[in-house]
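Fold and geometry: a report
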Protein chains: 2
Amino acid sequence: MNTKLDIVFSALSDSTRRHILTMLLEDDMAVTDVAEPFEMSLAAISKHLTILTRSGLISQEKRGRVKWCKLEPDALRDASIWMQSFGQFEAVNLDAFERFLERELDNDTA
Amino acid sequence: MNTKLDIVFSALSDSTRRHILTMLLEDDMAVTDVAEPFEMSLAAISKHLTILTRSGLISQEKRGRVKWCKLEPDALRDASIWMQSFGQFEAVNLDAFERFLERELDNDTA
DNA sequence: CAATTGGTCAACCATTTGGTTGAATATGGG
DNA sequence: CCCATATTCAACCAAATGGTTGACCAATTG
């Protein structure tokens, strides 16, 4: 069985893809620009973006010859609910989160 | 690179393993009892439990010849923080969660 | 001790994953 | 029209994943 939850968690289990998601927090981006900071082929990034799209975590829209990638944070909803249940986590502290993100971007870049 | 977050999300991306986690919400269980409801070999479940242990989501302790499995919800903390950032989800509603879990257990069993 | 129970290990297998490269397909600009 | 740009496709590859079976080891019980 391959539920939505499988697909979302599996999409999140790769640090390149998580890094892409954090980049898209800033703004929508074209595929080529998403690929720029990574040391891997454009085709590889294109595949990652396909996986993210299948998971619903981003959407892609072609305008002219560029394909724009847009974060779709609602896709995390069910997964987040599933997870929170196990720990009853308090609401997230945004300062702590920014520090966390910096750490993530330093340690976790492809 | 294979960060902690990779390992946790990857552990969560399998519905058998998520089902095991929900079983362990009830109580600690022996490996054989964890395996009982699944239509797969004990060895397969043993592997899943190893993956969950490596991820920190559960711990295992051998007492006599029985190995007890225990949920370790703290392991979800960083992952949950990471996820919440993308949606600023409100604190989880426990009733909604119970409905969600029932759905999960009905649809998502191995 | 012998037999049973609980669990893992090892070897194997099919499928998926994450990457590569080179060709192909739009689309836009001069 | 021709060329450059943006992106995907196709074929390939190595490694990881999720499962199987049978042998194995450890602990309990009769």
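The structure presented is a predicted model; accordingly, all values stated were derived computationally and were not measured.

Here we take up the overall build of chain A. A count of helical and extended segments in chain A gives six helices and three strands. The secondary structure elements of chain A, listed N-terminal to C-terminal, are α-α-β-α-α-β-β-α-α. Across the 110 residues that make up chain A, the buried fraction comes to 44%.

Moving on to the confidence of the model for chain A. Mean pLDDT over chain A stands at 82; residues scoring 70 or higher make up 76%. Scored below 50 in pLDDT, residues 89–101 of chain A shows 22 contacts in the model against residues more than four places distant or in partner chains.

Once that is clear, we can look at the sheet that holds strand β3 (residues 66–71) of chain A. Residue and element names in this part refer to chain A. Ordered by their spatial adjacency, three strands build an open sheet running β1-β3-β2, and the pairing between neighbours is antiparallel. Here the strands that pair on one side only, and so sit at the sheet edges, are β1 (29–30) and β2 (58–63). Sheet topology places β2 next to β3; six bridges connect them, and they run antiparallel. Among the inter-strand pairings, Lys62 is bridged to a residue of β3, identified as Lys67. With respect to the sheet, helix α4 (residues 42–55) is in contact with β2 and β3, its orientation differing from that of β2 by roughly 115°.

Okay, the side chain of His48 of chain A next. Residue and element names in this part refer to chain A. With respect to the helices and strands, His48 occurs in helix α4. Among the polar contacts made by the side chain of His48, one reaches the side chain of Arg17 at a distance of 3.1 Å. Those residues in contact with His48 that sit more than four places away from it in its chain are Asp14, Thr16, Arg17, Ile20 and Met40.

So, on to the environment of Arg63 of chain A. Inspection of the secondary structure assignment puts Arg63 of chain A in strand β2. Once the C-alpha coordinates of Arg63 of chain A and Ala30 of chain A are considered, the two residues, 33 residues apart in sequence, prove to be 9.9 Å apart.

Taken together, 21 residues surround DNA strand D, and among them Thr32, Ser46 and Lys67 of chain A together with Lys47 and His48 of chain B come closest. In the environment of DNA strand D, a phosphate oxygen lies 2.4 Å from a nitrogen or oxygen atom belonging to the side chain of Ser46 of chain A. In this structure, a phosphate oxygen belonging to DNA strand D sits 3.2 Å away from a side-chain N or O atom of Arg17 of chain B. Looking at the surface near DNA strand D, the elements with two or more residues in it are α3 (31–35), α4 and β3 of chain A together with α4 (42–54) of chain B.

This part covers the protein's contact with DNA strand C. Around DNA strand C, a shell composed of 21 residues is seen, among which Ser41, Lys47 and His48 of chain A together with Thr32 and Ser46 of chain B lie nearest. Close to the protein, within 4 Å, the atoms of DNA strand C belong to sugar or phosphate groups at a rate of 68%. Ser46 of chain B has a polar side-chain atom sitting 2.3 Å from a phosphate oxygen of DNA strand C. Here a phosphate oxygen of DNA strand C sits 2.8 Å away from a polar atom, N or O, in the side chain of Lys67 of chain B. Looking at the surface near DNA strand C, the elements with two or more residues in it are α4 of chain A together with α3 (31–35), α4 and β3 (66–71) of chain B. Per-class residue counts for the surface near DNA strand C are nine nonpolar, five polar and seven charged.

Turning our attention to α4 of chain A. Residue and element names in this part refer to chain A. Here α4 spans 20 Å end to end across 14 residues, near enough to the 20 Å set by a 1.5 Å rise per residue. Here α4 has its buried residues at Ile45, His48, Leu49, Leu52 and Ser55. Looking straight down α4, one finds its buried side chains confined to an arc of 120°; they lie on one side. Exposed positions of α4 whose direction lies more than 90 degrees from the buried face are Ala43, Lys47 and Arg54. Those residues of α4 that are buried lie in contact with α1 (4–12), α2 (15–26), α3, β2 and β3.

This part is about the pairing of β3 of chain B. In this structure, strand β1 (residues 29–30) of chain B lies alongside β3 of chain B, joined through two bridges in antiparallel fashion. Of the residues in β3 of chain B, the one forming a bridge with Ala30 of chain B is Trp68 of chain B.

Conventions we followed
Residues numbered from 1 in each chain as written. Chains lettered and ligands numbered in written order. Predicted model: local features only at pLDDT ≥ 70, side-chain atom pairs only at ≥ 80, totals over all residues. Heavy atoms only, no water. Helix = DSSP H or I, 4+ residues; strand = E, 2+ residues; numbered from the N terminus. Buried < 20%, exposed > 50% of the residue type's maximum accessible area, 1.4 Å probe, protein only. pLDDT = per-residue confidence, 0-100. Contact = heavy atoms within 4.5 Å. Pairing = 2+ DSSP bridges. Axes fitted to C-alpha atoms, helices over the stretch in contact; angles between N-to-C directions. Polar contact = N/O pair within 3.5 Å; in protein donor to acceptor, adjacent residues only side chain to side chain. Near = heavy atom within 4 Å. Nonpolar A, V, L, I, M, F, W, Y, C, P; charged D, E, K, R; others polar. Expected span 1.5 Å × (residues − 1). Arc of directions from axis to C-beta.

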